[in-house]
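Survey of secondary and tertiary structure
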Amino acid sequence: MIAGCVKQISIHSESTSNSGIKYPNLDDKKFCRGQGYILSKGEIEGRLNFTFTSSRDTAYLQFKDLIGRKTLFLILGDENIDAWDMLHNRRYDRASILISLPFFEMIQPHDMRTFLWGEIPKVFSDPENIKSQSEQTSGGIQFRSNQTEHGPLVEHVTFNMEAEKQIIKLVMMNREYDVQYPHLIRKIPETIPPVKVNS
């Protein structure tokens, strides 16, 4: 059997919930915050820890390297991404950020925000959408969830980018609902020079 070029986006849970247990409705929550890390394997290898705070329409993420230096600051809207490379003092827009964070070719900003909340984005819940999405990407996305006091929540997302020979894993360590990290809620300074993308 010869496999075609369509890659599957898989979703599976490591634990099943007891249908008799009633969990809090996350739709009633207005804010979410937490910590996690991003692990990159392949041509570029390394680990960055991150802290995030999110409302339903905007998420703010602060990344730090293993020695505690602030390296990257992200703002995720519905369709737009703004990024500040804090080590080199450069600003990225949606087009230029794909150079340093290519997994955003595979997932939209609002879907990434949904993951931060612990939920599987709707685009990956519909079998037809999964097929359509997988045909647009060279690789696959895998979500893994665990049972929590809030029900099953996504704790691990793997982006397998075959064209870039890169695997990126996003792992959540903890989440809290209806609370924020106020120090993360800010705009990127206008004085930060933007990165120019060669056309």
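Structure: see above.
In this report, the structure presented in the accompanying data block is examined. This one's a predicted model, so the numbers in the text were calculated from it and none came from an experiment.

**Examining the pairing of strand E3 (residues 46-54)**
Of the strand pairs in this sheet, strand E2 (residues 32-42) and E3 are connected by nine bridges, and their pairing is antiparallel. Residue pairing across strands places Arg-33 opposite Thr-53, the latter belonging to E3. In this structure, the hairpin formed by E2 and E3 is closed by a connection of three residues. Looking at chain direction, E3 and strand E4 (residues 59-64) are connected through six bridges and run antiparallel. Counterpart to Ser-54 in the pairing with E4 is Ala-59.

**Things to note about the pattern of salt bridges**
By the definition in use, this model includes seven salt bridges. Between Arg-69 and Asp-65 there is a salt bridge whose closest N-O contact spans 2.6 Å. Overall, Arg-69 belongs to the partly exposed group, its relative accessible area being 44%.

**Looking at the nonpolar core**
One recurring pattern in soluble globular proteins is that nonpolar side chains are buried together. By size, the foremost hydrophobic cluster in this structure holds 36 residues, and its most contacted members are Leu-61, Leu-74, Phe-103, Phe-104, Met-112 and Phe-159. Per-element tally for this core: the top contributor is strand E9 (residues 151-161), with five residues. Contact partners of Phe-104, with chain neighbours within four places excluded, come to Leu-74, Leu-76, Ile-81, Arg-94, Leu-98 and Met-112. Counting residues in hydrophobic clusters, the runner-up holds nine residues, among them Tyr-60, Trp-84, Ile-188 and Ile-192.

**Observations concerning the pairing of strand E10 (residues 166-177)**
Each regular strand shows side chains that alternate between the opposite faces of the sheet. With eleven bridges connecting them, E2 and E10 associate as antiparallel partners. Following the sheet pairing, Ser-40 is matched in E10 by Ile-168. The pairing of E9 with E10 spans six bridges and is antiparallel. Paired with Phe-159 across the two strands is Ile-168, which belongs to E10. Joining the antiparallel neighbours E9 and E10 is a turn of four residues, in which Lys-165 adopts a positive phi near 50°.

Parameters and conventions
Residues numbered from 1 in each chain as written. Predicted model: local features only at pLDDT ≥ 70, side-chain atom pairs only at ≥ 80, totals over all residues. Heavy atoms only, no water. Pairing = 2+ DSSP bridges. Helix = DSSP H or I, 4+ residues; strand = E, 2+ residues; numbered from the N terminus. Salt bridge = Lys/Arg side-chain N within 4 Å of Asp/Glu carboxyl O. Buried < 20%, exposed > 50% of the residue type's maximum accessible area, 1.4 Å probe, protein only. Core = buried A, V, L, I, M, F, W, Y, C linked by side-chain atoms within 4.5 Å. Contact = heavy atoms within 4.5 Å.

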